[in-house]
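# Notes for the structure review
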Amino acid sequence: MGLVDADVVVIGAGALGLSTALHCALSGRSVAVLERHAAGSQASGRAAGLFKSVQADELRTNLARRSITRASTFADWADVPLTVTRPGSFLIARTDQHRDFLRRELDQSRRWGVDVREATPAELAERLGYYGPASDYFAVSCPEDIYIEEPASLIQAYLAACQRHGTEIIENEPVIGIPVTAGRVTGVETERRSIAAPVVVDGAGGWVRQVASLAGAQVPLAPVRHQLLITEPTPEVDPAGPIVRVVDAAVYLRPARSGLMVGGFEPDPLPVDPRHEPPSFSTDDVPLDLGVLRQLVSQVAREVPLASTAPVAEHRAGLFTMSPDGRFVTGPVPDLPGLWVASGCNGSGFSSSLAIGEALAAWITTGAAPPGLTALSPARFGPLPEDILVSRGIWQYAHYYDPAAPDQGAS
Ligand SMILES: Cc1cc2nc3c(=O)[nH]c(=O)nc-3n(C[C@H](O)[C@H](O)[C@H](O)COP(=O)(O)OP(=O)(O)OC[C@H]3O[C@@H](n4cnc5c(N)ncnc54)[C@H](O)[C@@H]3O)c2cc1C
């Protein structure tokens, strides 16, 4: 294979890499994407597909809401159809602590422009077919929230749009080298080719640290396992029903394939570091543990018995890339011109890919950081010992629905 040149090379054809590639292409750049396996086959292809307008800070709120808008209007700007389900969601809290927390979230999200309000019992009774709220709950209605039924459909839409706009997608070809000349990244190398490019974006998901280290760079992220299940089809679930998030149980539910999707964030999640796994390690090797999910789901057994009792049609898992403050890690790598990172998904990279890719591409192509984006810099933590990195990532994972403010730090 000969030398191929591009303005931008993206490593990793997951949601974050593909969105960045697409938005660079839409800005007229020549783009190549290199993917180790098949596009979307790792974390992105396993996502629950949920979009959440209520977020812990204003920046994430803006990114989440921008993503909802961009997903809902995908055909208008990317010229490729994308089906989005728009049932809205309910956030439900059943402990004093979580009721207070949710009231605060309601107030701050409203201030940040989100359409949220306290849900009435009548509304819940009408909409929550599969979930029977017990007494002493506080519930918030989030009508903006959407989901994409099958995560592969967003990947296919990104791929089709990328190809339509001239992006080259090279699958089953891992990047094995990132040459640096005179302190600058100059492209990428695979076993079959070298691609010279002034901009290289590391969007390698759970492998983001290995890829960055090819250029001698470090990225502060800890991959952590996340699992969900989908029950067999059941008439108890109305396919038009809403998303439900029970914040004290850290459990989410939504209709899926005529059954119910159930996932959640256990307090003691499993860190998985691909750097310490065999080179062939992929998401298929992330261990599944139904017991962990069953334990989580037992917390809502009274409200939604079928989540615990219905036969399981699919059980899947993948890796989140957790950052110490729960925010994305995206932007230029300091002191290494040419290398950029699109990562730190913290469990929201599928949905937020639309806005993150758009913002990152604007930064790459104009040289100016979009408002607020420098707060997501890969450099913001300084050097962190591995055990602190992992323990903070675990804390953020366990507090997905009740996170600390970013500057309060987590231990
Ligand atoms: C079960 C589950 C449910 C989830 N639910 C949601 C949800 O509802 N909403 C939401 O927003 N997010 C959700 N997420 C999180 C979401 O899936 C991730 O945030 C998102 O997919 C991250 O995208 P990515 O592009 O960073 O990673 P990936 O999709 O993993 O893509 C990275 C790609 O890089 C490739 N790669 C690695 N090394 C190399 C190399 N050397 N050369 C070339 N390519 C390489 C990999 O093969 C991979 O395809 C969920 C995740 C899981 C596991």
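Going along each chain's sequence as written, the residues are numbered from 1 onward. Predicted model: local features are reported for residues with pLDDT of at least 70 only, side-chain atom pairs are reported and counted for 80 or more only, and whole-chain, interface and lining totals are derived from all residues. The side-chain quantities take in all heavy atoms of the structure and omit both hydrogens and water.

## Structural notes on the environment of Val9
- Along the polypeptide, Val9 turns up in strand 2 (residues 8–11).
- With 91 residues separating them in the primary sequence, Val9 and Asp100 have C-alpha atoms 46 Å apart.
- Pairs of residues are marked as contacts when any of their non-hydrogen atoms sit within 4.5 Å. Among residues more than four places away in sequence, those in contact with Val9 are Ala32, Leu34, Val188, Ile195, Ala197, Val199, Val200 and Val201. Secondary structure counts use DSSP, requiring at least four H or I residues in a row for a helix and at least two E residues in a row for a strand, with both numbered from the N terminus.

## A short note on the pattern of salt bridges
- For salt bridges, the criterion is a side-chain nitrogen of Lys or Arg within 4 Å of an Asp or Glu carboxyl oxygen. Applying the stated criterion across every chain, the model contains 23 salt bridges.
- Glu314 is the partner of Arg257 in a salt bridge, and the nearest nitrogen-oxygen pair spans 2.6 Å. Of the two residues, Arg257 is situated in the loop between strand 15 (251–256) and strand 16 (259–264) and Glu314 in strand 17 (residues 312–322); the sequence distance between them amounts to 57 residues.
- When its relative accessible area of 23% is taken as the criterion, Glu314 is described as partly exposed.
- One network of salt bridges, in which partners are shared, links Glu150, Arg257, Glu314 and Arg316. For every residue, the accessible area (1.4 Å probe, protein chains only) is compared with the maximum for its type, and the residue is labelled buried under 20%, exposed over 50%, or partly exposed between those bounds.

## A word on the site of the ligand
- By convention in these notes, a residue is near a molecule or strand provided one of its non-hydrogen atoms lies within 4 Å of it. Around the ligand sit 35 residues in total, of which Glu35, Ser44, Ala48, Gly349 and Ser351 are the nearest.
- Between the ligand and Ala48, the relevant distance is 2.8 Å, taken from a nitrogen atom to a main-chain nitrogen or oxygen of the residue.
- Two N or O atoms form a polar contact when they lie within 3.5 Å of each other; inside protein one atom must be a possible hydrogen donor and the other a possible acceptor, and for residues adjacent in sequence the pair counts only when both atoms belong to side chains. In this structure, Leu50 approaches the ligand through a main-chain N or O atom, which is 2.9 Å from an oxygen atom.
- Bound to the protein, the ligand loses 97% of the 990 Å² it would expose on its own. Every accessible area reported is derived by Shrake-Rupley at a probe size of 1.4 Å, with residue values counting cover from the shown protein chains alone.

## As for the sheet that holds strand 12 (residues 199–202)
- At least two bridges found by DSSP between two strands is the condition for calling them paired. Reading across the sheet, the six strands line up as 7-3-2-12-19-18 and stay open at both edges, with mixed pairing between neighbours. With partners counted over all chains shown, the strands left at the sheet margins are strand 7 (168–170) and strand 18 (329–332), one partner each. Strand-to-strand, the axes of this sheet are offset by a mean angle of 20 degrees, without reference to chain direction.
- Looking at chain direction, strand 2 and strand 12 are connected through four bridges and run parallel. Its bridge partner being in strand 12, Val9 is matched across the sheet by Val200.
- Between N-to-C directions, angles span 0 to 180 degrees; the directions come from axes that are lines fitted to C-alpha atoms, helices contributing only their stretch in contact. Most of the contacts of helix 11 (residues 349–366) go to strand 18, to which it runs at about 15 degrees, and overall it touches strand 2, strand 12, strand 18 and strand 19 (339–343).

## A few points about unusual backbone geometry
- A positive phi angle, close to 55 degrees, is found at Asn172, a residue other than glycine.
- You can see Asn172 is positioned in the loop between strand 7 and strand 8 (180–181).
- According to the relative accessible area criterion, Asn172 is exposed, its value standing at 56%.
- Backbone geometry at Asp335 places phi at a positive 65 degrees, although glycine is not the residue there.
- Along the chain, the position of Asp335 falls in the loop between strand 18 and strand 19.

## Examining the packing of aromatic side chains
- Any two rings among Phe, Tyr and Trp, with Trp reduced to its six-membered ring, count as a pair given centres within 6.5 Å; such a pair is stacked if its planes are under 30 degrees apart, edge-to-face if over 60, and tilted if neither. One pass over the full model with this rule turns up twelve aromatic pairs.
- Ring geometry for Phe74 against Tyr158: centres 5.9 Å apart, planes inclined by 65 degrees, an arrangement best described as edge-to-face. Taken together, the residues span a long stretch of sequence, with Phe74 in helix 4 (residues 74–78) and Tyr158 in helix 7 (residues 151–164) at a distance of 84 residues.
- On the basis of relative accessible area, Phe74 is assigned to the buried category, the value being 1%.
- With a centroid separation of 5.4 Å and an interplanar angle of 65 degrees, the aromatic rings of Phe265 and Tyr397 are classed as edge-to-face. With Phe265 in the loop between strand 16 and helix 9 (290–297) and Tyr397 in helix 12 (residues 386–398), the pair connects residues that are 132 residues apart, well separated along the chain.

## Points about the pairing of strand 12
- Both faces of strand 12 are covered, namely the face carrying Val199 and Val201 and the face carrying Val200 and Asp202.
- Two strands pair when backbone bridges link them, and strand 12 and strand 19 are joined in this way by three bridges, in the parallel orientation. Counted as the bridge partner of Val200 is Leu339 from strand 19.

## Things to note about the confidence of the model for the chain
- The share of residues in the chain with pLDDT of 70 or more is 97%, and the mean pLDDT across the chain is 95.
- Scored between 0 and 100, pLDDT is the confidence that the predictor attaches to each residue. Considering only residues more than four positions removed or in separate chains, one finds that residues 405–411, a stretch of pLDDT under 50, has ten contacts.

## As for the environment of Tyr397
- With a relative accessible area of 0%, Tyr397 lands in the buried category.
- Spatially, the C-alpha atoms of Tyr397 and Leu228 are 14 Å apart, while their sequence positions differ by 169 residues.
- Here Tyr397 is in contact with Val224, Arg225, His226, Gly264, Phe265, Glu266, Pro269, Phe320 and Met322, once residues within four sequence places are set aside.
- Reaching out from Tyr397, the side chain makes a polar contact with the backbone oxygen of Arg225 at a distance of 3.3 Å.

## Quick word on the packing of helix 1 (residues 15–26) against helix 11
- Taken N-terminus to C-terminus, the directions of helix 1 and helix 11 make an angle of 40 degrees; their axes are 7 Å apart at the nearest point. Viewed along their axes, helix 1 and helix 11 adopt a mutual orientation that is oblique. Crossing geometry of helix 1 relative to helix 11 is assigned as right-handed. Taking contact as the criterion, the partners of Ala15, Leu16, Ser19, Thr20, His23 and Cys24 in helix 1 are, on helix 11, Gly349, Phe350, Ser353, Leu354, Ile356, Gly357, Glu358, Leu360, Ala361 and Ile364. Oblique is the label for any angle not under 35 degrees, not over 145, and not in the 65 to 115 range, which are roughly parallel, roughly antiparallel and roughly perpendicular in turn. Crossing handedness: left-handed means the near helix sits turned counterclockwise from the far one by under a right angle, and right-handed means the same turn made clockwise.

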